[in-house]
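# Reading the structure
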Amino acid sequence: MTDLVTRCSWAQSPEMIEYHDTEWGVPVHDDIRLFEMLTLEGAQAGLSWATILRRRAGYQKAFNGFDIAKVAAFDDARIEEIVLDPGVIRHRGKIAATVGNAKATLAVQQEFGSFDAYLWRFVDGAPIVNHYASPSELPTKTPTSDALSKDLMKRGFKFVGSTICYAYMEAVGMVDDHMDDCVRRTAKKSPHTA
């Protein structure tokens, strides 16, 4: 039986369809999951999202289920072990950045109470719901992703350029960029509707 559901055009393979239908654009408020997605979006730089999804289980194993305190405690020897792990993208800079980002996340949690509280203030606590008819209309970055990127960098985060931050905001539901004809189109209106 053919799937006649209309989805965003990038959701083609079974793994991408599953991700699209169950995760992309769904608001996330769990710090561990927010840290995981920041790690995966940073790992994606220069690669396809499908490549990262295929290695997601490897990342979860290598980074102790994205336990922020445990990852922050990784030493150089542990980083080198992960560099040799075929279950992840073996890019030393990205792996070391994940450890540094865990340390920075702990500092953010200390200051704001949670990583969630820190992140969602950039969108006033509610998803920005955009309305696009074509993928060609999608931005790669916005003034909001610019602001998030700048603030994260100031706090010592790495692999958090504005384009990565925008993809991250889409991934964790801070932005809903499902196409207007997509089955996952958010029904409720946001005060930030563009």
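Going by the structure above, here's the rest.
Okay, so let's go over this structure.

As a further point, take the pattern of salt bridges. As enumerated under the stated definition, the model contains 13 salt bridges in all. The partner of glutamate 111 in a salt bridge is arginine 155, and the shortest N-O contact between them spans 2.8 Å. Of this pair, glutamate 111 sits in helix α7 (residues 92-112) while arginine 155 sits in the loop between α9 (143-154) and α10 (162-171), and the two are 44 residues apart along the sequence. Here aspartate 176 ties to arginine 185 by a salt bridge, and the two come within 3.5 Å at their closest N and O atoms. Given a relative accessible area of 2%, aspartate 176 falls into the buried group. Residue classification places arginine 185 among the buried residues on the basis of a relative accessible area of 17%. Salt bridges sharing common partners tie together Glu111, Arg121, Asp151, Lys154 and Arg155.

The contact between helix α2 (residues 31-44) and α7 brings their axes to 10 Å, and the two run at 150 degrees. The crossing of α2 and α7 is right-handed. Along its contact with α2, which presents Asp31, Phe35, Thr39, Gly42, Ala43 and Gln44, the element α7 presents Lys94, Thr98, Asn101, Ala102, Thr105 and Gln109. Grouping the amino acids of the contact of α2 with α7 by side-chain chemistry returns 3 nonpolar, 7 polar and 2 charged.

The rules behind each value
- Residues numbered from 1 in each chain as written.
- Predicted model: local features only at pLDDT ≥ 70, side-chain atom pairs only at ≥ 80, totals over all residues.
- Heavy atoms only, no water.
- Salt bridge = Lys/Arg side-chain N within 4 Å of Asp/Glu carboxyl O.
- Helix = DSSP H or I, 4+ residues; strand = E, 2+ residues; numbered from the N terminus.
- Buried < 20%, exposed > 50% of the residue type's maximum accessible area, 1.4 Å probe, protein only.
- Axes fitted to C-alpha atoms, helices over the stretch in contact; angles between N-to-C directions.
- Left-handed = near helix turned anticlockwise from the far one by under 90°.
- Contact = heavy atoms within 4.5 Å.
- Nonpolar A, V, L, I, M, F, W, Y, C, P; charged D, E, K, R; others polar.

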